[in-house]
Amino acid sequence: MEMIIFDTQQELDAYAAELIINIVNEKPSAVLGLATGSTPIGIYDKIVESYNEKKVSFKEVTTFNLDEYVGLKPENDQSYTYYMNKHLFSHIDIPSDQTHLPNGMAQDIEEESARYDTMLDAQPVDIQLLGLGHNGHIGFNEPDVNLPYGTHAVKLKAETLEANARFFASMDEVPKYAITMGVGSILKANTIVLAVRGADKAKIVKEALTGPITTSVPASLLQTHARVIVLLDREAGRMMG
Ligand code: GLP
(Lines give C-alpha, C1' and ligand atoms only; values in the text may rest on other atoms or scores of the structure.)
Protein backbone atom coordinates (compact mmCIF):
# COMPACT_ATOMS: atom_id res chain seq x y z
CA MET A 1 0.00 0.00 0.00
CA GLU A 2 1.38 3.36 -0.98
CA MET A 3 0.60 6.16 1.47
CA ILE A 4 1.16 9.89 1.13
CA ILE A 5 0.48 12.40 3.90
CA PHE A 6 -0.14 15.94 2.70
CA ASP A 7 0.38 19.17 4.62
CA THR A 8 -2.72 20.72 3.15
CA GLN A 9 -6.07 19.64 1.81
CA GLN A 10 -5.34 21.53 -1.43
CA GLU A 11 -2.25 19.41 -2.08
CA LEU A 12 -4.20 16.22 -1.45
CA ASP A 13 -6.97 17.33 -3.80
CA ALA A 14 -4.53 18.30 -6.54
CA TYR A 15 -2.66 15.00 -6.26
CA ALA A 16 -5.81 12.86 -6.37
CA ALA A 17 -7.19 14.85 -9.31
CA GLU A 18 -3.93 14.38 -11.19
CA LEU A 19 -3.98 10.60 -10.65
CA ILE A 20 -7.42 10.47 -12.27
CA ILE A 21 -6.57 12.92 -15.06
CA ASN A 22 -3.39 11.02 -15.94
CA ILE A 23 -5.35 7.80 -16.33
CA VAL A 24 -7.91 9.51 -18.59
CA ASN A 25 -5.15 11.07 -20.69
CA GLU A 26 -3.42 7.69 -21.06
CA LYS A 27 -6.69 5.91 -21.80
CA PRO A 28 -9.43 8.27 -23.03
CA SER A 29 -12.07 5.53 -22.63
CA ALA A 30 -11.13 4.94 -18.97
CA VAL A 31 -13.74 3.72 -16.51
CA LEU A 32 -13.77 5.77 -13.31
CA GLY A 33 -15.24 4.62 -10.02
CA LEU A 34 -16.48 7.70 -8.17
CA ALA A 35 -17.41 8.54 -4.60
CA THR A 36 -19.45 11.15 -2.76
CA GLY A 37 -19.23 12.68 0.72
CA SER A 38 -17.44 15.89 1.66
CA THR A 39 -13.92 14.56 1.00
CA PRO A 40 -14.04 14.30 -2.82
CA ILE A 41 -15.53 17.78 -3.42
CA GLY A 42 -12.12 19.48 -3.61
CA ILE A 43 -10.84 16.71 -5.87
CA TYR A 44 -13.74 17.24 -8.28
CA ASP A 45 -13.09 21.01 -8.19
CA LYS A 46 -9.51 20.38 -9.30
CA ILE A 47 -10.66 18.05 -12.07
CA VAL A 48 -13.08 20.71 -13.32
CA GLU A 49 -10.26 23.27 -13.20
CA SER A 50 -8.05 21.07 -15.38
CA TYR A 51 -10.94 20.44 -17.75
CA ASN A 52 -11.47 24.21 -18.08
CA GLU A 53 -7.77 24.57 -18.82
CA LYS A 54 -8.27 21.99 -21.60
CA LYS A 55 -5.86 19.55 -19.99
CA VAL A 56 -8.32 16.64 -20.16
CA SER A 57 -11.51 15.51 -21.89
CA PHE A 58 -14.12 13.08 -20.58
CA LYS A 59 -15.96 12.48 -23.87
CA GLU A 60 -15.13 8.78 -23.92
CA VAL A 61 -15.01 8.18 -20.17
CA THR A 62 -17.53 6.01 -18.32
CA THR A 63 -18.19 6.46 -14.61
CA PHE A 64 -19.74 4.27 -11.93
CA ASN A 65 -20.60 5.69 -8.53
CA LEU A 66 -20.33 3.60 -5.43
CA ASP A 67 -23.74 4.18 -3.97
CA GLU A 68 -27.04 6.03 -3.74
CA TYR A 69 -29.71 6.50 -1.10
CA VAL A 70 -32.86 4.42 -1.45
CA GLY A 71 -35.99 6.53 -1.90
CA LEU A 72 -34.46 9.91 -2.79
CA LYS A 73 -35.41 11.20 -6.22
CA PRO A 74 -32.46 12.30 -8.40
CA GLU A 75 -33.75 15.91 -8.14
CA ASN A 76 -33.48 15.80 -4.34
CA ASP A 77 -30.46 17.93 -3.46
CA GLN A 78 -29.25 15.26 -1.02
CA SER A 79 -29.26 12.45 -3.58
CA TYR A 80 -25.87 11.36 -4.81
CA THR A 81 -27.08 11.82 -8.38
CA TYR A 82 -27.69 15.50 -7.62
CA TYR A 83 -24.30 15.74 -5.89
CA MET A 84 -22.43 14.28 -8.87
CA ASN A 85 -24.17 16.59 -11.34
CA LYS A 86 -23.50 19.58 -9.10
CA HIS A 87 -19.85 18.89 -8.36
CA LEU A 88 -18.64 17.21 -11.54
CA PHE A 89 -20.81 16.01 -14.41
CA SER A 90 -22.46 19.33 -15.29
CA HIS A 91 -19.03 21.01 -15.56
CA ILE A 92 -17.27 18.54 -17.88
CA ASP A 93 -17.89 17.06 -21.33
CA ILE A 94 -18.95 13.57 -20.24
CA PRO A 95 -22.13 12.39 -22.03
CA SER A 96 -24.77 11.76 -19.37
CA ASP A 97 -25.49 8.23 -20.61
CA GLN A 98 -21.90 7.31 -19.71
CA THR A 99 -22.40 8.24 -16.03
CA HIS A 100 -23.90 5.58 -13.78
CA LEU A 101 -25.20 5.51 -10.23
CA PRO A 102 -27.29 2.77 -8.69
CA ASN A 103 -30.96 3.72 -9.02
CA GLY A 104 -32.25 4.25 -5.49
CA MET A 105 -35.78 4.72 -6.84
CA ALA A 106 -35.90 1.28 -8.50
CA GLN A 107 -39.02 -0.75 -7.65
CA ASP A 108 -36.94 -3.86 -7.29
CA ILE A 109 -33.58 -3.10 -5.63
CA GLU A 110 -32.34 -6.67 -6.14
CA GLU A 111 -32.94 -6.46 -9.85
CA GLU A 112 -31.29 -3.02 -9.92
CA SER A 113 -28.27 -4.43 -8.07
CA ALA A 114 -27.91 -7.25 -10.62
CA ARG A 115 -28.20 -4.72 -13.46
CA TYR A 116 -25.45 -2.58 -11.93
CA ASP A 117 -23.16 -5.58 -11.44
CA THR A 118 -23.66 -6.68 -15.05
CA MET A 119 -22.58 -3.22 -16.24
CA LEU A 120 -19.58 -3.25 -13.89
CA ASP A 121 -18.54 -6.68 -15.17
CA ALA A 122 -18.67 -5.44 -18.74
CA GLN A 123 -16.68 -2.28 -17.96
CA PRO A 124 -14.11 -2.94 -15.24
CA VAL A 125 -13.10 0.12 -13.24
CA ASP A 126 -9.61 1.47 -13.98
CA ILE A 127 -9.41 3.73 -10.95
CA GLN A 128 -11.76 3.82 -7.97
CA LEU A 129 -11.92 6.83 -5.71
CA LEU A 130 -12.94 6.06 -2.13
CA GLY A 131 -13.66 7.98 1.04
CA LEU A 132 -13.85 6.44 4.49
CA GLY A 133 -16.73 6.42 6.95
CA HIS A 134 -16.07 6.90 10.67
CA ASN A 135 -16.95 3.27 11.31
CA GLY A 136 -14.67 2.03 8.50
CA HIS A 137 -17.34 1.81 5.82
CA ILE A 138 -16.45 2.16 2.16
CA GLY A 139 -19.26 3.06 -0.20
CA PHE A 140 -22.11 2.16 2.12
CA ASN A 141 -20.67 -1.21 3.13
CA GLU A 142 -21.32 -1.01 6.85
CA PRO A 143 -19.44 -3.15 9.40
CA ASP A 144 -21.06 -6.59 9.69
CA VAL A 145 -20.22 -10.25 10.27
CA ASN A 146 -20.69 -10.94 6.56
CA LEU A 147 -20.38 -8.58 3.62
CA PRO A 148 -22.11 -9.25 0.30
CA TYR A 149 -19.75 -9.40 -2.69
CA GLY A 150 -21.75 -7.38 -5.19
CA THR A 151 -24.17 -4.46 -5.30
CA HIS A 152 -26.89 -4.71 -2.66
CA ALA A 153 -29.28 -2.81 -0.44
CA VAL A 154 -28.00 -1.94 3.01
CA LYS A 155 -29.63 -0.69 6.20
CA LEU A 156 -27.52 2.22 7.40
CA LYS A 157 -26.09 2.08 10.92
CA ALA A 158 -27.08 4.60 13.58
CA GLU A 159 -23.64 6.27 13.44
CA THR A 160 -23.94 6.72 9.68
CA LEU A 161 -27.42 8.22 10.02
CA GLU A 162 -26.00 10.62 12.58
CA ALA A 163 -23.08 11.57 10.34
CA ASN A 164 -25.51 12.14 7.45
CA ALA A 165 -28.01 14.12 9.54
CA ARG A 166 -25.97 17.34 9.08
CA PHE A 167 -27.18 17.42 5.45
CA PHE A 168 -30.91 17.05 6.22
CA ALA A 169 -33.46 19.31 7.92
CA SER A 170 -34.28 16.65 10.51
CA MET A 171 -33.28 13.11 11.48
CA ASP A 172 -36.60 11.82 10.07
CA GLU A 173 -35.58 12.89 6.60
CA VAL A 174 -32.26 10.99 6.64
CA PRO A 175 -32.65 7.93 4.39
CA LYS A 176 -32.38 4.67 6.33
CA TYR A 177 -31.39 2.51 3.37
CA ALA A 178 -28.90 2.77 0.55
CA ILE A 179 -27.84 0.73 -2.44
CA THR A 180 -24.09 0.23 -2.68
CA MET A 181 -21.46 -1.55 -4.70
CA GLY A 182 -20.16 -4.47 -2.66
CA VAL A 183 -16.63 -4.74 -1.34
CA GLY A 184 -16.05 -7.51 -3.92
CA SER A 185 -16.90 -5.14 -6.77
CA ILE A 186 -14.80 -2.35 -5.25
CA LEU A 187 -11.75 -4.61 -4.96
CA LYS A 188 -11.99 -5.49 -8.66
CA ALA A 189 -10.83 -1.99 -9.61
CA ASN A 190 -7.35 -1.89 -11.09
CA THR A 191 -6.24 0.99 -8.84
CA ILE A 192 -7.93 2.26 -5.69
CA VAL A 193 -7.39 5.75 -4.29
CA LEU A 194 -8.49 6.13 -0.68
CA ALA A 195 -8.68 9.80 0.30
CA VAL A 196 -9.23 10.69 3.95
CA ARG A 197 -9.00 13.94 5.84
CA GLY A 198 -9.66 15.25 9.32
CA ALA A 199 -8.61 14.40 12.89
CA ASP A 200 -11.88 12.55 13.50
CA LYS A 201 -10.78 9.88 10.99
CA ALA A 202 -7.23 9.32 12.39
CA LYS A 203 -8.20 6.34 14.55
CA ILE A 204 -10.22 4.52 11.89
CA VAL A 205 -7.47 5.17 9.31
CA LYS A 206 -4.96 3.38 11.53
CA GLU A 207 -7.35 0.54 12.27
CA ALA A 208 -8.30 0.05 8.63
CA LEU A 209 -4.77 0.19 7.25
CA THR A 210 -2.76 -1.54 9.95
CA GLY A 211 -5.29 -3.54 11.99
CA PRO A 212 -6.63 -7.02 11.32
CA ILE A 213 -8.49 -7.63 8.06
CA THR A 214 -12.08 -7.97 9.16
CA THR A 215 -15.58 -7.32 7.86
CA SER A 216 -16.19 -5.32 11.05
CA VAL A 217 -13.92 -2.68 9.47
CA PRO A 218 -14.84 -2.97 5.78
CA ALA A 219 -11.98 -0.69 4.68
CA SER A 220 -9.47 -3.16 6.18
CA LEU A 221 -10.24 -5.42 3.20
CA LEU A 222 -8.35 -2.89 1.09
CA GLN A 223 -5.18 -4.37 2.59
CA THR A 224 -5.73 -7.36 0.29
CA HIS A 225 -5.63 -5.24 -2.87
CA ALA A 226 -2.40 -4.98 -4.89
CA ARG A 227 -2.66 -1.31 -5.81
CA VAL A 228 -4.13 1.00 -3.22
CA ILE A 229 -2.92 4.58 -2.96
CA VAL A 230 -3.81 6.17 0.38
CA LEU A 231 -3.93 9.96 0.46
CA LEU A 232 -4.21 11.54 3.91
CA ASP A 233 -4.04 15.03 5.27
CA ARG A 234 -1.86 15.63 8.37
CA GLU A 235 -4.79 15.22 10.76
CA ALA A 236 -6.10 11.96 9.31
CA GLY A 237 -2.55 10.60 9.14
CA ARG A 238 -1.42 11.65 12.60
CA MET A 239 -1.48 8.08 14.02
CA MET A 240 0.32 6.57 11.06
CA GLY A 241 3.81 7.39 12.37
C1 GLP B 1 -20.87 8.46 2.95
C2 GLP B 1 -20.52 7.83 1.61
C3 GLP B 1 -19.11 7.28 1.61
C4 GLP B 1 -18.16 8.34 2.14
C5 GLP B 1 -18.54 8.69 3.55
C6 GLP B 1 -17.59 9.68 4.23
O7 GLP B 1 -21.19 7.51 3.88
N8 GLP B 1 -21.43 6.78 1.24
O9 GLP B 1 -18.77 6.87 0.31
O10 GLP B 1 -16.85 7.87 2.08
O11 GLP B 1 -19.83 9.27 3.49
O12 GLP B 1 -17.93 10.97 3.89
P13 GLP B 1 -17.10 12.27 4.28
O14 GLP B 1 -16.05 12.37 3.24
O15 GLP B 1 -18.11 13.37 4.18
O16 GLP B 1 -16.57 12.07 5.64
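Everything numeric here is computed off the predicted structure, so don't read it as measured data.

(A) Region of the structure containing the overall build of the protein chain. Along the backbone of the protein chain there are 7 helices and 10 strands. Overall, the protein chain is about 50 × 45 × 35 Å in size when its C-alpha atoms are taken along their principal axes. Scored against the burial criterion, the 241 residues of the protein chain give a buried share of 55%. Within the protein chain, counting contacts between residues at least 6 apart in sequence, those at least 24 apart form 79% of the total. Here the protein chain has roughly 11,000 Å² of accessible surface; of this, 50% comes from carbon and sulfur atoms. Of the charged side chains in the protein chain, 20 are positive and 33 negative, and the gap between their average positions amounts to 4 Å.

(B) Broad picture of the pattern of salt bridges. The full count for this structure, using the stated rule, is 5 salt bridges. Put simply, R234 and D7 hold a salt bridge, and the shortest N to O gap is 2.8 Å. You can see R234 sitting in the segment after β10 (228-233) and its partner D7 sitting in the loop between β1 (2-6) and α1 (9-26), a full 227 residues away along the chain. On the basis of relative accessibility, which here comes to 42%, the residue R234 falls in the partly exposed class. Residue classification places D7 among the exposed positions, given a relative accessible area of 52%. In this structure, the salt-bridge partner of R115 is E112, at a minimum N-O distance of 2.8 Å. One end of the pair is R115 and the other is E112, both in helix α4 (residues 109-122) and 3 residues apart, which spans about a single turn.

(C) Inspection of the sheet that holds strand β4 (residues 67-69) at higher detail. Within the open sheet, the 3 strands sit side by side as β4-β8-β7. Their pairing is antiparallel. Every interior strand has two partners, whereas the edge strands, β4 and β7 (152-155), have only one. Mean inter-strand twist for the sheet, computed between neighbouring axes without regard to direction, equals 25°. Both β4 and strand β8 (residues 177-180) contribute to a ladder of 3 bridges, which runs antiparallel.

(D) Inspection of the site of the ligand at higher detail. Taken together, G37, S38, T39, D67, Y80, G131, L132, H137, G139, F140, R166 and K201 make up the full set of residues adjacent to the ligand. Measuring from an oxygen atom of the ligand, one finds a side-chain N or O atom of T39 at 2.5 Å. With respect to the ligand, the side chain of D67 contributes an N or O atom lying 2.8 Å from a nitrogen atom. Considering the ligand on its own, with 390 Å² of exposed area, one finds that the protein chains cover 94% of that surface.

(E) Region of interest: the pairing of β7. The alternating pattern of β7 places H152 and V154 on a buried face and A153 and K155 on a face that is not buried. Direction of pairing for β7 relative to β8: antiparallel, over a ladder of 4 bridges. Paired with K155 across the strands is Y177, a residue of β8.

(F) The arrangement of the environment of L222 in detail. Along the chain, L222 falls in the loop between α7 (202-210) and β10. Setting aside residues no more than four positions away along its own chain, L222 makes contact with M1, L130, I138, L187, I192, L194 and V228.

(G) Structural view of the sheet that holds strand β9 (residues 191-196). With parallel pairing, 7 strands are arranged side by side in an open sheet as β1-β10-β9-β6-β2-β3-β5. One side of each edge strand has no neighbouring strand; the edge strands of this open sheet are β1 and β5 (99-100). The pairing of strand β2 (residues 31-34) with strand β6 (residues 127-130) spans 2 bridges and is parallel. Counterpart to G33 in the pairing with β6 is Q128.

Each value, and the rule that gives it
Residues numbered from 1 in each chain as written. Predicted model: local features only at pLDDT ≥ 70, side-chain atom pairs only at ≥ 80, totals over all residues. Heavy atoms only, no water. Helix = DSSP H or I, 4+ residues; strand = E, 2+ residues; numbered from the N terminus. Buried < 20%, exposed > 50% of the residue type's maximum accessible area, 1.4 Å probe, protein only. Contact = heavy atoms within 4.5 Å. Areas by Shrake-Rupley, 256 points an atom, 1.4 Å probe, with all protein chains shown as cover. Lys, Arg positive; Asp, Glu negative; His and termini not counted. Charge placed at Lys NZ, Arg CZ, Asp CG, Glu CD. Salt bridge = Lys/Arg side-chain N within 4 Å of Asp/Glu carboxyl O. Pairing = 2+ DSSP bridges. Axes fitted to C-alpha atoms, helices over the stretch in contact; angles between N-to-C directions. Near = heavy atom within 4 Å. Polar contact = N/O pair within 3.5 Å; in protein donor to acceptor, adjacent residues only side chain to side chain.

In short, the description is geometric, and any link to function would need to be established separately.
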